[in-house]
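Residue-level structure breakdown
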Amino acid sequence: MQSDEPSRRGADPWLGHYAERAAGMVASEVRALFAVASRPEIVSLAGGMPNVSALPMDAVAGLMADLVTERGPVALQYGSAQGDPSLRETICTVMAEEGIDAHPDDVVVTVGSQQALDLVARVFLDPGDTVVTEGPTYVTALGTFAAYQARAVHVDMDERGVLPEALAETFARLERAGRPAKLFYTVPTFQNPAGVTLAAERRLRVLEVCRRAKVLVLEDNPYGLLHLEGEPMRALRADAPADVVYLGSFSKTLAPGLRVGWALAPSAVRDKLVLAAESAMLSHSAFAQLAVDRYLRTQPWQEQLKAFREMYRERRDAMLDSLEQHMPAGVSWTRPGGGFFVWVTLPEGLDSKAMLPRAVQSRVAYVPGTGFYADGAGRRAMRLSYCYPPPERIRDGVRTLADVIGTELELWETFGATAHPHSGGPQTPGPDHS
Amino acid sequence: MSDLNVTVIAGGLSPEREVSLRSGSRVADALRRAGVEVELRDVGKDLLPALAQDSPGVVFPVLHGIAGEDGTIKEVLELAGVPYVGARPHACRTAFDKTTAKAILDQSGLKTPESVTLPKQAFHDLGAAALTARVVERLGAELFVKPRACGSAFGVSRVESAGDLPQALMACFAYHDEALIERRVTGTEIAVGVADLGDGPRALPVVEIDAGTGLYDYTARYTPGAVEFHCPARLPAEVAKEAARVAVAAHQALGLLDLSRTDAIVTEAGEVFVLETNVAPGMTETSTYPMALEEAGLDFGVFCRDLAALAAHRHGLSV
Ligand SMILES: Cc1ncc(COP(=O)(O)O)c(C=O)c1O
């Protein structure tokens, strides 16, 4: 693409140098609309930001100050690539809440669980490899798989999570096509974006299907302890230590700004992840790790989690109530038992991405469904999150959104008979909306 | 010049917020390098109090889209009684409304693609099938559908056949209640900046936009390298001259001040069809206006500073 024409301007002189994997990294209208959605005038039901202002800031400030005073030379020094040993112990006690019996040696601390995802992709995926995921799935996981030039294939879910039979069929189909799946990436509990949880009675069956097909399970579980009813779900990893790489995170249970997540992996896999972590970041922030460890060892974190759950329960209820109250006929949605998200499906003919400008102009934002699929599906769907705005704002936002959908339905009535769906690949929203 | 201070306003709540923020920080940066003290501000509840208090100097609005280019911000600045760069409210309103602007350009003897403007309601009341059929009968099926007032190609669709039209209209109506449906004119896409540093509006070198087979849409506009720009445009000298004349004529016909950018298509026969004239041209890394300034040998920062000084002068301030 380099040219010697003297008149050529403004082009990126390195255009010919980019790797193929950078091909999808382009500006998008959806990202532009999200730039507006971050303004306080807009009720954003788009972002997945936890409400960190509910944390005991004084206590956090105090423990951070103590950390620097008491352990400054360690907190400000390089650490090991695998992560702080004391924190890894603490992480094991957190995972025990979900029935996981783990050894600290098998934990790798990462920069958010996002980096753990990246490291797993790095050590397992070659260009052209296949990853099977739920449909829809976590948008940034799709970005990671795309960055390693792997293909994502979706398996349908119902209100009780992925269908084991559909999963088995997908594996078999891929095997026959000569593209066997390497990984099954799943967010089994309070899924982002669908708000769906894999039912207890399906879990062993899913593990069995994966074991038979020799597919490694990648269990991404940042929301497990944000159950809004009953007890925490038992993690997949609890019942299949050899077949599951488990990803955990303090982003939703403590604070995403600290960027502390982890991977728990069978020991051979763990060795590779540690080496990959070393080349990716040398070592994680010792300060952030020690701060998290200190928080968990000195603060009543279980009580804090309970407070978070109460707050999110109130918000979820506000969202579900107002959806019930305002949405026009033909709109349906999931009823999450935890986490942050509700998945809304619009009536036939509507396109949530095409509708987004109208919504933003009406001062409410959501994430269009197509971003959560690798194959352009999800046109009629959208993700709403209830984690960040307070209940009153959620109610306002849902009411506005219902009006926007009503207007769009009228448009569809006008044009529906003559319109045919336009094509166009999925556009992924920015990381601040993951 | 050192006692000139400028408040750059960027952001706002239009879909072009991100573009505006990028343009704004680039203008602010260039002004600083030209020795001007700059404050960068968003549109929000704190704006008016700030303009009332801090002796804001000259305001340089770099807001795109609704409320930025439709005259609202200028009206507000008039109310605040502060000097500002760019056209007066009424002229902004006229230029931003593509349908009205086309009529004015038409009266001035400038060519714009043949078009119709129809509100959403008309399709509802008269039946979409019947009305779109009439549109295709009149204009053909190779069309552009655009929101009557919106920028950065938001809500714009290229229509290849009659079957695409309903979907294109739906996409457009998500941004605005009225659609401008234009006959597609094929040719070379150009952008012509106009600058008036107090000695009358003059055209900057013509920028040619080569989007290949693609559309010069939002992604193409703001992904570096997605389209090729040529400045000066690869046009015969007399055609480039005509394009320059058209851009200046459009700037004058619409009653604009200081700066504008006219987007146009040059046909094979060398005819120039105006698509629209922008009162707040984009100033990002991939925008055409700064490219044209560079080709003209003008320093971006000095240019912005001179415009600000001019605005101060218009307001009766001496700097
Ligand atoms: C399913 C899922 N995985 C991973 C992450 C990333 O979390 P972290 O902040 O730990 O990188 C998120 C965050 O939204 C998520 O929803």
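Residues numbered from 1 in each chain as written. Chains lettered and ligands numbered in written order. Predicted model: local features only at pLDDT ≥ 70, side-chain atom pairs only at ≥ 80, totals over all residues. Heavy atoms only, no water.

1. Some words on the pattern of salt bridges
A side chain of one charge can pair with a side chain of the opposite charge if their charged atoms are brought near each other. Residue and element names in this part refer to chain A. Under the defined criterion, the tally for this structure stands at 49 salt bridges over all chains. Arg294 is the partner of Glu70 in a salt bridge, and the nearest nitrogen-oxygen pair spans 3.1 Å. In this pair, Glu70 sits in helix α2 (residues 57–75) while Arg294 sits in helix α10 (residues 286–298), placing the two residues 224 residues apart along the sequence. When its relative accessible area of 52% is taken as the criterion, Glu70 is described as exposed. Notably, a salt bridge pairs Glu348 with Arg380, separated by 3.4 Å at the nearest N-O pair. (Salt bridge = Lys/Arg side-chain N within 4 Å of Asp/Glu carboxyl O. Helix = DSSP H or I, 4+ residues; strand = E, 2+ residues; numbered from the N terminus. Buried < 20%, exposed > 50% of the residue type's maximum accessible area, 1.4 Å probe, protein only.)

2. Here's the deal with the state of the cysteines
As enumerated under the stated definition, the model contains 0 disulfides over all chains in all. Left unpaired, Cys150(B) is separated from the closest cysteine sulfur, that of Cys172(B), by 8.7 Å. (Disulfide = S-S within 2.5 Å.)

3. Quick look at the packing of aromatic side chains
Under the criterion given, the structure shown has 14 aromatic pairs over all chains. Relative to Tyr185(A), the ring of Phe145(A) has its centre 5.6 Å away and its plane inclined at 75 degrees; by these criteria the two rings are edge-to-face. Here Phe145(A) is found in helix α5 (residues 139–147), whereas its partner Tyr185(A) is found in strand β7 (residues 181–186), with 40 residues between them in sequence. Taken as a pair, Phe145(A) and Tyr185(A) share a single burial class, namely buried. Measuring from ring centre to ring centre gives 4.9 Å for Phe250(A) and Trp262(A), while their planes differ by 45 degrees; the resulting arrangement is tilted. Taken as a pair, Phe250(A) in the loop between β9 (244–249) and β10 (260–264) and Trp262(A) in strand β10 lie far apart in primary sequence, 12 residues in all. Like Trp262(A), Phe250(A) is buried. Taken together, the aromatic side chains of Tyr223(A), Phe308(A), Tyr312(A), Phe340(A) and Phe341(A) make up a single cluster linked through ring pairs. Over the face of the ring belonging to Phe144(B) we find Lys146(B), whose NZ or CZ atom lies 5.9 Å from the ring centre. (Phe/Tyr/Trp six-rings, centres within 6.5 Å; stacked < 30°, edge-to-face > 60°. Lys NZ or Arg CZ within 6 Å of the ring centre and 35° of its normal.)

4. Things to note about the site of the ligand
Residues and elements named next belong to chain A. Taken together, 14 residues form the shell around the ligand, and within it Ser113, Asp220, Tyr223, Ser249 and Ser251 come nearest. A distance of 2.6 Å separates an oxygen atom of the ligand from a polar atom in the backbone of Ser113. Starting from 400 Å² of accessible surface for the ligand in isolation, the protein chains cover 96%. Sort the elements by how many residues they give to the shell around the ligand and helix α4 (residues 112–124) lands first, with 3 residues. Taken together, the residues of the shell around the ligand break down into 4 nonpolar, 7 polar and 3 charged. (Near = heavy atom within 4 Å. Polar contact = N/O pair within 3.5 Å; in protein donor to acceptor, adjacent residues only side chain to side chain. Areas by Shrake-Rupley, 256 points an atom, 1.4 Å probe, with all protein chains shown as cover. Nonpolar A, V, L, I, M, F, W, Y, C, P; charged D, E, K, R; others polar.)

5. Description of the nonpolar core
All names here are of chain A. In terms of nonpolar packing, the biggest core is built from 109 residues, with Met95, Phe250, Leu323 and Ile405 touching the most fellow members. Per-element tally for this core: the top contributor is helix α11 (residues 301–326), with 9 residues. In this structure, Met95 is in contact with Ile100, Ala102, Val107, Tyr246, Trp262 and Leu264, ignoring residues within four places of it in sequence. (Core = buried A, V, L, I, M, F, W, Y, C linked by side-chain atoms within 4.5 Å. Contact = heavy atoms within 4.5 Å.)

6. Things to note about the interface of chain B and chain A
Taken residue by residue, the interface counts 39 residues in chain B and 39 residues in chain A. Each partner contributes to the roughly 3600 Å² buried at the junction of chain B and chain A, and carbon and sulfur atoms together form 59% of this total. Counting across the interface, chain B meets chain A through 1 salt bridge. In this structure, the connection of chain B to chain A is made through 6 residue pairs in polar contact (both at pLDDT 80 or more). Looking at which element gives the most residues to the side of chain B that touches chain A, the answer is helix α8 (residues 165–173) of chain B, with 5 residues. Looking at the side of chain B that touches chain A residue by residue, the classes come out as 20 nonpolar, 10 polar and 9 charged. (Buried area = accessible area lost by both parts, 1.4 Å probe.)

7. A closer look at helix α3 (residues 72–80) of chain B
Residue and element names in this part refer to chain B. Residues Ile73, Lys74 and Leu77 constitute the buried set of α3. Looking down the long axis of α3, one finds its buried residues gathered within 100 degrees of arc, a one-sided arrangement. Check the buried side of α3 and you find it contacts β1 (5–9), α2 (47–53), β3 (58–61) and α4 (89–96). Where α3 ends, the next residue or the one after it, Gly81, has phi of about 70 degrees, a positive value. (Arc of directions from axis to C-beta.)

8. Details of the packing of helix α13 (residues 391–415) of chain A against α8(B)
The geometry of α13(A) relative to α8(B) is characterised by a closest axis approach of 10 Å and an angle of 160 degrees between their N-to-C directions. Relative to α8(B), α13(A) is oriented roughly antiparallel. In this structure, α13(A) meets α8(B) at a crossing whose hand is right-handed. In this structure, α13(A) uses Glu408(A), Leu411(A), Trp412(A) and Phe415(A) to contact α8(B), whose residues at the interface are Pro166(B), Leu169(B), Met170(B) and Phe173(B). For the contact of α13(A) with α8(B), a count of residues per class yields 7 nonpolar, no polar and 1 charged. (Axes fitted to C-alpha atoms, helices over the stretch in contact; angles between N-to-C directions. Parallel < 35°, antiparallel > 145°, perpendicular 65-115°, else oblique. Left-handed = near helix turned anticlockwise from the far one by under 90°.)

9. Focus: unusual backbone geometry
All names here are of chain A. Here Gly135 and Pro136 are connected by a cis peptide whose omega angle stands at 0 degrees. With an omega of 15 degrees, the peptide bond between Asn192 and Pro193 qualifies as cis. By the element assignment, Pro193 lies in the loop between β7 and α7 (200–213). Positioned with a positive phi, Lys214 is a non-glycine residue whose angle comes to about 60 degrees. Within the secondary structure layout, Lys214 lies in the loop between α7 and β8 (216–220).

10. Regarding the domain arrangement of chain B
Annotation of chain B at the domain level lists domain 1 (5–93 + 303–314), domain 2 (115–183) and domain 3 (185–298). Computed from C-alpha coordinates alone, the two centres of domain 1 of chain B and domain 2 of chain B are separated by 33 Å. (Domains from an automatic or database assignment.)

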